[in-house]
Amino acid sequence: MIYQLIQQLVEKALEAQLIENDDEIYARNQVLSLLHIADYKEPEPGKKLSIPDLLDEIVDYACEQGIIEDLFDEKEIFSSKIMNCFMARPSTVNQLFYQKYQQDPWEATQYFYKLSKSSNYIQMNRIRKNIEYKAETIFGELDITINLSKPEKDPRSIAAERAAMKNEYPKCLLCIENEGYAGRVGHPARSNHRMIRMKLLNENWYLQYSPYVYYNEHCIVLSEKHTDMKISRATFQRLLSFVEQFPHYFLGSNADIPIVGGSILSHEHYQGGNYEFAMAKAESDWTFDMAEFPNVEGAVVKWPMSVIRLRSEDKAGLVEAADHILANWKNYSDEAVGVLAWTGESSHNTITPIARKKGEVFELDLVLRNNRTSEKHPLGIFHPHSDVHHIKKENIGLIEVMGLAVLPARLKEELKEVEDFVVGKEVLVADHHLNWAVELRDRYHAIADESNVESLVREEVGNKFLKCLEDAGVFKWNEEGAAGFRKFIRTLS
């Protein structure tokens, strides 16, 4: 049986163009070595399986034979090592990437994206478990994802992680030293991980894909240096440089301070991909001019958060205009709308920027952020408020800003309970959803049934996410907020 699994894996690797015919014996011997098998017998044909399914079967064999422990991290490490037997070295991957880039940047990223999926670095079998749908709102279709792709660790794995010795190599999950790193308990397996070398502002940066992609070709661009996130003039230059090199991708940065930033603030990195979010499709609400930057078009975007869109064919002028807005916003206060730039020596204002290239025109969206807290809103004044925490309590990072909700796995079962409650079934609903569930039952009791309740509840989840974005917006979509936004824009002239 094990020979059959190994041979099928070799054949799948050939089919996926991970290896060539001349590599077949070598790759098979590498897998045999990992499995402590000293011989090989030609197997009978068996049931055809995918690469992820074959890996699961081979890893199970390794556990049964005592080669590895039956622990989540041990199995992940072993699976990654198996796929590394079929992977070219980073230098070869980069050579192929840039050969294809000379023909067309799209061809280059298609090659690398396919490689990252075929090697099981991007674990598509797990990602397909996510619940994904679109929710229509007045601001366009928001993307909703209930994240089921990250498997739950069992108690033994959690205990092993707690007992593991602390290790500071690699320094974080993004560092270049993760490329080819076997992994350990508490740190993900990266034997089959490859990165593309690139230059941004004559600095060394690296392109990789997220192992748990949330949208098409979800990529990460990271600095060679393990330095803190920082939104600056150089940020705008790098983002625009990237989309100039890869015009079919957008690239954006999380904010650089807690509460409004991403989950990793200790390593400068950006996220992008080949996907058009609802925010990118959003139209201008009103336009403005900046006298110092006559070649740059300015607009306030019709979006629940506070977004300034700059457009120009002049990349240098666009950077100057964005830097001007950043400098003004960093020190801008307006107590009438709750915006204070400083509390003592703590700075509160920053920007979440996103770059695109449309034809000959460069585009920068600058999302105004403030991370101040209060007694009423201890997690953040411009952060999802307590009335939506039963759906989403986490930060509104770059991906959410653009219109994609990444929601916790618990909602899969909890929302089914809410659906049953709405159609009148006797069911226990989690306490944190109860008031909402009663509200939905009262609203939909006359029309809700088994055939439509899922879509009704999904629509309401979309409304909750929209409320999260509105909470995170600095200038609200009301008369007072509009006046506040116009007041800030006047400081730019």
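Residues numbered from 1 in each chain as written. Predicted model: local features only at pLDDT ≥ 70, side-chain atom pairs only at ≥ 80, totals over all residues. Heavy atoms only, no water.

What follows covers the pattern of salt bridges. Taken as a whole and judged by the stated rule, the model has 30 salt bridges. Taking the shortest distance from any N to any O, the salt bridge between Asp323 and Arg233 comes out at 3.8 Å. Here the residue Asp323 occupies a position in helix H11 (residues 315–330), and Arg233 occupies one in helix H9 (residues 233–245), the gap between them amounting to 90 residues. For Asp323, a relative accessible area of 23% corresponds to the partly exposed category. Its salt-bridge partner being Glu363, residue Arg311 comes within 2.9 Å of it at the nearest N-O pair. Taken as a pair, Arg311 in strand S10 (residues 307–312) and Glu363 in strand S14 (residues 361–370) lie far apart in primary sequence, 52 residues in all. The buried category is assigned to Glu363, whose relative accessible area is 2%. The network of salt bridges with shared partners includes Glu297, Arg309, Arg311, Arg356, Lys358, Glu363 and Asp365. (Salt bridge = Lys/Arg side-chain N within 4 Å of Asp/Glu carboxyl O. Helix = DSSP H or I, 4+ residues; strand = E, 2+ residues; numbered from the N terminus. Buried < 20%, exposed > 50% of the residue type's maximum accessible area, 1.4 Å probe, protein only.)

So, about the environment of Asn463. Among the structural elements, Asn463 can be located in helix H15 (residues 453–472). Judged by its relative accessible area of 33%, Asn463 is partly exposed. For the pair Asn463 and Asn125, spaced 338 residues apart in the sequence, the C-alpha separation amounts to 29 Å.

Moving on, we come to helix H4 (residues 72–84). Across its 13 residues, H4 extends 19 Å between first and last C-alpha, which sits within 8% of the 18 Å expected from 1.5 Å per residue. Among all positions of H4, only Phe72, Asp73, Glu76, Ile77, Phe78, Ser79, Ser80, Ile82 and Met83 are buried. (Expected span 1.5 Å × (residues − 1).)

Moving on to the pairing of S10. In terms of burial, S10 is a largely internal element, five of the six residues being buried. One ladder, built from four bridges, connects strand S9 (residues 297–301) with S10; its direction is antiparallel. Across the sheet, Gly298 pairs through a bridge with Leu310, a residue of S10. Counting the residues that bridge the hairpin from S9 to S10 gives five residues. Pairing of S10 with S14, which is carried by six bridges, proceeds in the antiparallel orientation. (Pairing = 2+ DSSP bridges.)

This next bit is on the packing of aromatic side chains. Taken as a whole, this structure holds 26 aromatic pairs when the rule is applied. Pairing Tyr275 with Phe277 gives two aromatic rings, centres 4.9 Å apart and planes at 80 degrees, and the pair type is edge-to-face. A relative accessible area of 26% means that Tyr275 is categorised as partly exposed. Here the aromatic residues Phe97, Tyr98, Tyr101, Phe112, Tyr113, Tyr209, Phe242, Phe246 and Tyr249 are joined through ring pairs into a cluster of three or more. The ring of Tyr40 has Arg28 sitting right over it, with the charged end atom 4.1 Å from the ring centre. Directly above the aromatic system of Trp286 lies the positively charged group of Arg486, at a separation of 3.9 Å from the ring centroid. (Phe/Tyr/Trp six-rings, centres within 6.5 Å; stacked < 30°, edge-to-face > 60°. Lys NZ or Arg CZ within 6 Å of the ring centre and 35° of its normal.)

Quick look at the nonpolar core now. For soluble globular proteins, the rule of thumb is that nonpolar side chains tend to be buried together. Leu35, Phe86, Ile308, Leu310 and Phe488 are the most contacted members of the largest nonpolar core, which totals 93 residues. Examining the composition of this core, we find that eight residues originate from one element, helix H3 (residues 51–64), more than from any other. Other than its neighbours up to four places away in sequence, Leu35 contacts Ile2, Ile6, Ile58, Tyr61, Ala62, Ile67 and Phe78. Of all hydrophobic cores here, the second largest spans 51 residues; its members include Phe139, Met279, Leu411 and Leu415. (Core = buried A, V, L, I, M, F, W, Y, C linked by side-chain atoms within 4.5 Å. Contact = heavy atoms within 4.5 Å.)

To continue, consider the sheet that holds strand S2 (residues 140–146). Sheet architecture is open: three strands sit in the order S1-S2-S15, paired in mixed fashion. Two strands in the sheet have a free side with no partner beyond their single neighbour: strand S1 (131–137) and strand S15 (404–407). Taken over all neighbouring pairs, the strand axes of this sheet differ in orientation by 25 degrees on average, direction set aside. When S1 meets S2, the two strands line up antiparallel, connected through seven bridges. Across the sheet, Thr137 pairs through a bridge with Gly140, a residue of S2. (Axes fitted to C-alpha atoms, helices over the stretch in contact; angles between N-to-C directions.)

Helical geometry note: an α-helix holds 3.6 residues per turn, so side chains three or four residues apart project in the same direction. A rise of 1.5 Å per residue sets the reference length of H11, with its 16 residues, at 22 Å; its end C-alpha atoms lie 22 Å apart and thus fit the reference within 8%. Three or more residues of H11 are buried, namely Gly317, Leu318, Val319, Ala321, Ala322, His324, Ile325, Leu326 and Trp329. On the buried face of H11, the contacting elements are H9, S10, strand S13 (349–358), S14 and helix H16 (479–490).

A few words on a negative patch on the surface. Together, Asp53, Asp56, Glu57, Asp60 and Glu64 make up a negatively charged patch on the protein surface. Position of Asp56 relative to the elements: it lies in helix H3. (Patch = residues over 30% accessible without salt bridge, like charges linked within 9 Å, V, L, I, M, F, W, Y side chains within 5 Å. Areas by Shrake-Rupley, 256 points an atom, 1.4 Å probe, with all protein chains shown as cover. Lys, Arg positive; Asp, Glu negative; His and termini not counted. Charge placed at Lys NZ, Arg CZ, Asp CG, Glu CD.)

Take the environment of Ala182 next. One can find Ala182 in the loop between helix H8 (155–163) and strand S3 (196–200). Taking the C-alpha atoms as reference points, Ala182 and Arg311, separated by 129 residues in sequence, lie 44 Å from one another.

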